[in-house]
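Observations on chain architecture
The lines below spell out each chain.
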Amino acid sequence: MAAELDAPGKSTRGRRAPRLRAWHLLPLLVFPALLIARSGPLTDRRDELLWLTDTRTRPLEPRLSVPAADVHRPYVRPREERPSIAVPLRELARLEESGDRAGIAASYLLHGDPQQGLAHLAHAPPSLNRDNDQAVAAFLLKRHDEALTSLDGILETSPRHPQALWNRALVLREMGLHLLAASVFDQVAALGEPGWSTEAREHAASLRASVSQRDTSWKRTLAALTKLAQDPTLPIPLEEARQHPGISRGLFYDAVRTAPTSARVLALLPLAELLDRIHGGTALADHTRAVATRDFTRRAPLAAEYARLVRERQPASAEFLTRLRGAGEQDLLLGARLLSPEAQSPPEELEKLAREWDDPWIHLLVQDELARQEGFAGESWRADQRLKAALTFCREKRLRPRCSDLLRKMSHSATSANRLSEAEETALASWREAQAMGEWGLESAALRALAQAARFQFRVASARAYLLEYLARDPDSCGVKNYVHRNLASLELMRLRPKEARRAMVLAQECATSVDLIGAWTLTDLMRMDPRPEDAAQISAELARAEAKRETPGRRMLAQLVRARFELLKDRKQGNERLAALIKQAAPLLATDADARDAVAVAYQTMAVTAGEAGAFSEVPGVVARHLGVTSPKQCALIAATEAERTVVVALGPRGQVLGHHDASRKEPLGEDLSGLVPEKLLTLLRTCPRVDVLAAPPLDSRAGLLPPEMAWSYRVATGVAAEPKKKPPPPLHLVVANVETPSGLGLARLSSWESTPAPIGQSMELSGAQATPSRVLEAMARATDIEFHAHGVVDRSLSEAPVIALAPEYDGRYALTSEALKQVRLEGSPVVLLGACSAARLPPLLHQTSSLPQAFVGAGARAVFAATVDIPDSAGRFFQGVRERIHAGATPAVALRAERLRWLREVKGAPWVTRVLLYE
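Residues numbered from 1 in each chain as written. Predicted model: local features only at pLDDT ≥ 70, side-chain atom pairs only at ≥ 80, totals over all residues. Heavy atoms only, no water.

Let's talk about the overall build of the chain
A tally of helices and strands in the chain yields 40 helices and 14 strands. Per-residue burial for the chain yields a buried fraction of 54% across its 921 residues. Pairs at least 24 residues apart make up 66% of the contacts formed inside the chain by residues separated by at least 6 positions. (Helix = DSSP H or I, 4+ residues; strand = E, 2+ residues; numbered from the N terminus. Buried < 20%, exposed > 50% of the residue type's maximum accessible area, 1.4 Å probe, protein only. Contact = heavy atoms within 4.5 Å.)

What follows is the structure in structure tokens.
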């Protein structure tokens, strides 16, 4: 076949393939007899039609695995988006006859139709070559993270796979990671393929040249302005400042502060005026003239002492700060305060100094420092508000370098709060702003922020790429190498690769032994998974340093967590006591501090899995129940928790029998389908139960397959509704949200309601069209006893970490029903909720916590919520209607779901998706 999939190795990825809709194949299935000339081989012309090989340039920049489509010709990037070329149906029909899915997909990709290409690749035999072509389709659809993940997986198995290497370089280039892309193009060039190697060398040289020019120019300016504050005899670097006014203004203030004479200050006036013209206003020139009038017989010694602090990167002593206050040298005092973040001066002093100095740049520096202090005081919400207000002010004043840095700080704050979508977006904005200005240092700082946002989302390929690009920018810096490799070690542990994590930790410690709190956490895991004699001393030293540092309350909780887990390795009783103490101490912080919430979640997970490891299975239900905030079950329940490579599952039989299983042999992270996680002996015990409550600690609580489809089971979720004396229940109200008029920009079709019988008793109410706004839906839900949603589930990272339900827009444009909004309401009617929104139960990965639409509904008072973890077909309406009718007939939700699920698996063709419908109660 033209598209033989012959790369070594098989695909090991378990990613869900896109569904092949019937109309994708219609022209191939209806017309082959009319279109195929069955006599003789394809002519050259037919090959040209299939693979577009009759042109001097190739139509596709990425490389496909089909040999006939992988012929090198120069590629010319089109000046504008090219329309797709008509696909040759006659030639494709022949490939369809021979079952050559990969060939069909390759032709669709070459003709500019990646969606059709993906549909056919979903039915091609698994192989590395198929994975490569799927990555090409993802690349063409600008799903760079997905493409990079696929290509990294291929290259782990086959490091010299030529097409995957080439395509990885393209993805990295499009992500803006030019130095890393150049190094991958070097690997392609080393393969010696005619044409491809030459083009790869050209790409690598071009990428390096553009990066080198920016790097050299910025560092030249940095060096010139830094020396200006150290040597008052140097000429004023006006040309360098003109090229990079951001770093120049940041360093200009120290040049004024360290000037030993009035004449030297006045010599800086042309530089001040240049920067004022670029940034607007006259603040720098006014300040320069004002300082030149100071009494330098008093100021000069203070300026010399300040210059020493800058040169040696030392904080100011309390005695020096007092001298500056007495001398009235306000600019020196402000500079010294900003150099001394640990100084115990009241925040009011900084604000007063900024007010006296009418300079928006200085105002923003002070706001940044005050936000940092508020974070240390545990007032992260206040710090966030301050940073957002500062960014608004910064944009008004058009101080782009400060805006880029503020965006990076906001990204760090959002990452700490587990607002990971926001963290990524603000880091990207910071990076793009810095690139547009040529501010190399700000670019590098933004890369670090991007890496952390991706790491906490388990997006290993992207996080690793950002880190390696950061390292490639400064490969000789000890601090950079240490930072990158200790974070790479954390990524390897996420993938359950302790040997690789150990190698990364060794590289991190080659030039600096300290590896910070993240390194202590990693070493604690390695003591269990890949132990070395020196680990204990290293962990103790790191924890001592972490506990001595000034940190936020949440970070202090994380340090206590690492110490408790460290103690647990030596003494389970002592370790559990530390974990229990941590949980108690963190309680006041849980509402406002995500780090504290993470620490508590991991503490519970660790207590559960180590109880299983010790064979104390009877302890596990209580631990997980306290974690979830639910009552500990007595019978007919499954309790599950996991941490890294360890899993514990406990079954409680109908008479309260306890049967447990602990496993520490997992070599790969858990997938979306948990089938097989619970051993057969536990399933045998649970099969004697009429229904099973499942108490699953995150991240197990949002995945299908934990129990088999023939069992009636549901996830137990905590309710946020406080227990109150029983009231008369509200009258039955059946609420239907359907035919929603979503914002046109979303491109979503209206979904009509299912054909259903009316609610048995009471009223029915439908919200549709432009009336189905979030506020109207929330108001109606508060009284409903039965709720159906026929609406699209979408991912809008600016609104929520979890999927949202797309509704009609409010007057201000808000269109989404989010889990965060649900937490603010109370569902008085204790409704049964059917979420027809596609993938309503699907969650983006987080490290230790779960927040989803179904859980938010239960937390608001819903009796039961049905939702799917996969995209569901239009026929889902009949399935959910069957479940609802069984509930109205008296069945419990779990029993109703099981009965309808088994009926569909038995009677309906192509309905395996019903096993991915979850129930939360």
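Side note on the packing of helix α15 (residues 269–279) against helix α16 (residues 283–292)
The packing of two helices is summarised by the inter-axis angle and the distance between the axes. The interhelical angle for the contact between α15 and α16, taken along N-to-C directions, is 160 degrees, at an axis separation of 7 Å. By the angle between their directions, the pair α15 and α16 is classed as roughly antiparallel. Taken together, the residues of α16 that come into contact with α15 (itself represented by Leu269, Ala272, Glu273, Leu275 and Asp276) are Ala283, Leu284, Ala285, Thr288 and Arg289. Looking at the contact of α15 with α16 residue by residue, the class counts come to 6 nonpolar, 1 polar and 3 charged. (Axes fitted to C-alpha atoms, helices over the stretch in contact; angles between N-to-C directions. Parallel < 35°, antiparallel > 145°, perpendicular 65-115°, else oblique. Nonpolar A, V, L, I, M, F, W, Y, C, P; charged D, E, K, R; others polar.)

Side note on the nonpolar core
Counting residues in each nonpolar core, the largest one holds 104 residues, and the members touching the most others are Leu177 and Val624. With residues up to four places along the chain from it excluded, the contact list for valine 624 reads Ala608, Ile639, Ala640, Ala641, Leu695 and Ala697. Among the nonpolar cores identified, the runner-up in size contains 58 residues, and Leu228, Ala241, Leu324 and Cys403 belong to it. (Core = buried A, V, L, I, M, F, W, Y, C linked by side-chain atoms within 4.5 Å.)

Things to note about the pairing of strand β2 (residues 646–652)
For β2, a buried count of 7 out of 7 residues is recorded, marking the element as mostly surrounded by other parts of the structure. Side chains of β2 alternate between two faces, with Arg646, Val648, Val650 and Leu652 and Thr647, Val649 and Ala651 buried alike. As defined by bridge partners, strand β1 (residues 637–643) adjoins β2 across 7 bridges and the pair is classed as antiparallel. From the neighbouring strand, alanine 640 faces β2, where its bridge partner is valine 649. Hairpin geometry of β1 and β2 is characterised by an intervening segment of 2 residues between the two adjacent antiparallel strands and by a positive phi of about 55 degrees at alanine 644. The pairing of β2 with strand β3 (residues 658–663) spans 6 bridges and is classified as antiparallel. Paired with alanine 651 across the strands is leucine 659, a residue of β3. Hairpin connection, β2 to β3: the antiparallel pair is bridged by 5 residues, and glycine 656 has positive phi, about 85 degrees. (Pairing = 2+ DSSP bridges.)

Here we look at the packing of aromatic side chains
Applying the stated rule across the entire model yields 13 aromatic pairs. Where tryptophan 166 meets tryptophan 196, the ring centres are 5.0 Å apart and the plane angle is 75 degrees; that geometry is what we call edge-to-face. On the criterion of sequence distance, the pair formed by tryptophan 166 in helix α9 (residues 162–174) and tryptophan 196 in helix α11 (residues 196–228) is long-range, its members being 30 residues apart. Classification of tryptophan 196 as buried rests on a relative accessible area of 5%. With a centroid separation of 5.9 Å and an interplanar angle of 75 degrees, the aromatic rings of tryptophan 904 and tryptophan 913 are classed as edge-to-face. The buried category is assigned to tryptophan 904, whose relative accessible area is 1%. The class for tryptophan 913 is buried, based on a relative accessible area of 8%. These aromatic residues form a ring-pair network of at least three members: Phe879, Phe880, Trp904 and Trp913. The residue whose ring lies beneath arginine 63 is tryptophan 196, and the NZ or CZ to ring-centre distance is 4.0 Å. Lying over the aromatic face of tyrosine 483, arginine 448 brings its terminal NZ or CZ to 3.9 Å of the ring centre. (Phe/Tyr/Trp six-rings, centres within 6.5 Å; stacked < 30°, edge-to-face > 60°. Lys NZ or Arg CZ within 6 Å of the ring centre and 35° of its normal.)

Describing the packing of helix α29 (residues 516–529) against helix α31 (residues 553–570)
Contact pair α29 / α31: the axes reach a minimum separation of 10 Å and the direction vectors enclose 20 degrees. Compared by their axis directions, α29 and α31 come out roughly parallel. Here α29 runs over α31; the crossing is left-handed. Touching Asp516, Leu517, Ala520, Trp521, Thr524, Asp525, Met527 and Arg528 of α29 are Arg555, Leu558, Ala559, Leu561, Val562, Arg565, Phe566 and Leu569, all from α31. (Left-handed = near helix turned anticlockwise from the far one by under 90°.)

Details of the state of the cysteines
Per the counting criterion, the structure on display carries 3 disulfides. The disulfide bridge from cysteine 478 ends at cysteine 511, spanning 2.1 Å between sulfur atoms. When the S-S torsion is 110 degrees, as for the bridge of cysteine 478 with cysteine 511, the disulfide is right-handed. With cysteine 478 in helix α27 (residues 478–494) and cysteine 511 in the loop between α28 (498–508) and α29, the pair connects residues that are 33 residues apart, well separated along the chain. Classification of cysteine 478 by relative accessible area gives partly exposed; the value is 26%. In this model, cysteine 636 is linked to cysteine 689 through a disulfide, with the two sulfur atoms separated by 2.3 Å. Across the S-S bond linking cysteine 636 and cysteine 689, the dihedral sits near -90 degrees, which makes this disulfide left-handed. Pair noted here: cysteine 636 is in the loop between α34 (620–628) and β1 and cysteine 689 is in the loop between α35 (680–686) and β4 (692–696), with a separation of 53 residues, a long-range link. On the basis of relative accessibility, which here comes to 12%, the residue cysteine 636 falls in the buried class. According to the relative accessible area criterion, cysteine 689 is buried, its value standing at 9%. Indicated for the chain is the disulfide connectivity 1-2, 3-4, 5-6, based on numbering the bonded cysteines in sequence order. (Disulfide = S-S within 2.5 Å.)

Focus: the confidence of the model for the chain
Caution applies to low-pLDDT regions: their predicted coordinates should not be interpreted in detail. Confidence along the chain averages 86 in pLDDT terms, with 87% of residues attaining 70 or more. Low pLDDT, under 50, characterises residues 1–43; the predicted model gives this stretch 80 contacts beyond four residues in sequence or across chains. (pLDDT = per-residue confidence, 0-100.)

Section: the environment of glutamate 425
Along the chain, the position of glutamate 425 falls in helix α24 (residues 420–437). Along the primary structure glutamate 425 and alanine 453 are separated by 28 residues, whereas in three dimensions their C-alpha atoms are 9.2 Å apart.

Some points on helix α25 (residues 440–455)
The end-to-end C-alpha separation of α25 is 23 Å, in line with the 22 Å expected for 16 residues at 1.5 Å each. With 14 of its 16 residues buried, α25 lies for the most part within the structure. (Expected span 1.5 Å × (residues − 1).)

Examining the side chain of serine 340
Relative to the helices and strands, serine 340 resides in the loop between α19 (330–339) and α20 (347–356). For serine 340, a relative accessible area of 2% puts it in the buried group. Among the polar contacts made by the side chain of serine 340, one reaches the main-chain carbonyl oxygen of alanine 336 at a distance of 2.7 Å. Each residue touching serine 340, except ones within four places of it in the same chain, is listed here: Pro315 and Ala316. (Polar contact = N/O pair within 3.5 Å; in protein donor to acceptor, adjacent residues only side chain to side chain.)

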